[in-house]
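Given next are the chains, with one letter for each unit.
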Amino acid sequence: MSRELMPLDLVGAVVVAAVLIALASLLQEPVRRRFMAIFVAGAGAAYLNGGLGPWEFVYTSVATVCAYKGLRSYRYIALAWAMHVFWDVMHHLYGQPIIQAVPTSSAGCAVCDSLLAVRFYFGAPSPFRLRN
């Protein structure tokens with residue numbers, strides 16, 4: 001199977017990010033920030049035993065600290081997602097994909113997580129609120 005990212009993979013990654021953003025936006029603050037901090041912590045552990053040896057534990061430990069700090073700050077949630085992007089790329093190139101049956105899943109995850117990182121960097125504004 002090819003590990004080359006195809007246009008449909010990109011579309012799927014954008015759709016996943018949009019759905020996650022929409023669903024999370026239904027939560028009120030500060031519940032939204034706390035939920036997303038817990039969510040990114042779980043995402044950080046998704047690759048344990050993914051083929052990169054002890055680095056898996058180093059990454060997960062650092063990502064967990066960022067997620068904990070994300071309980072109070074969207075910037076740390078953004079940092080945790082950005083770190084996950086890097087880890088997605090490492091797994092795409094050198095490790096095992098996050099979904100074994102989909103060789104490009106880690107690359108797609110990197111696209112999705114990049115969008116999330118940018119959104120959280122800017123404070124996770126709700127897409128449902130109209131500005132005056």
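Here's what I pulled together on the structure shown here. Just so it is clear, the structure is predicted and the values come from calculations on it, not from any experiment.

Using the criterion set out here, one finds 2 salt bridges in the structure. In this structure, arginine 32 engages glutamate 29 in a salt bridge whose closest nitrogen and oxygen atoms are separated by 3.4 Å. The buried category is assigned to arginine 32, whose relative accessible area is 2%. Among the residues examined, glutamate 29 registers a relative accessible area of 34% and is labelled partly exposed. Across the pair glutamate 29 and arginine 33 runs a salt bridge, and its minimum N-O distance is 4.0 Å. Here the salt bridges share partners, and the residues they tie into one network are Glu29, Arg32 and Arg33.

Turning next to helix 1 (residues 7-25). Three or four residues apart is the spacing at which side chains of an α-helix point the same way, because the helix has 3.6 residues per turn. Here helix 1 is 19 residues long and its end C-alpha atoms lie 27 Å apart, about the 27 Å a rise of 1.5 Å per residue gives. Where the residues of helix 1 are buried, they touch helix 2 (31-44) and helix 5 (105-121).

Here we come to the environment of proline 103. As for its placement among the helices and strands, proline 103 is situated in the loop between helix 4 (74-94) and helix 5. Sequence separation between proline 103 and leucine 71 is 32 residues; the distance between their C-alpha atoms is 33 Å.

Residues Leu8, Val11, Val15, Val19, Leu23, Leu26 and Phe128 make up a contiguous nonpolar surface patch of about 720 Å² in total accessible area. Of the residues examined, leucine 26 reaches a relative accessible area of 58% and is grouped as exposed.

So, how was this worked out
- Residues numbered from 1 in each chain as written.
- Predicted model: local features only at pLDDT ≥ 70, side-chain atom pairs only at ≥ 80, totals over all residues.
- Heavy atoms only, no water.
- Salt bridge = Lys/Arg side-chain N within 4 Å of Asp/Glu carboxyl O.
- Buried < 20%, exposed > 50% of the residue type's maximum accessible area, 1.4 Å probe, protein only.
- Helix = DSSP H or I, 4+ residues; strand = E, 2+ residues; numbered from the N terminus.
- Expected span 1.5 Å × (residues − 1).
- Contact = heavy atoms within 4.5 Å.
- Patch = residues over 30% accessible without salt bridge, like charges linked within 9 Å, V, L, I, M, F, W, Y side chains within 5 Å.
- Areas by Shrake-Rupley, 256 points an atom, 1.4 Å probe, with all protein chains shown as cover.

Shape is all these values report; function is a separate question.
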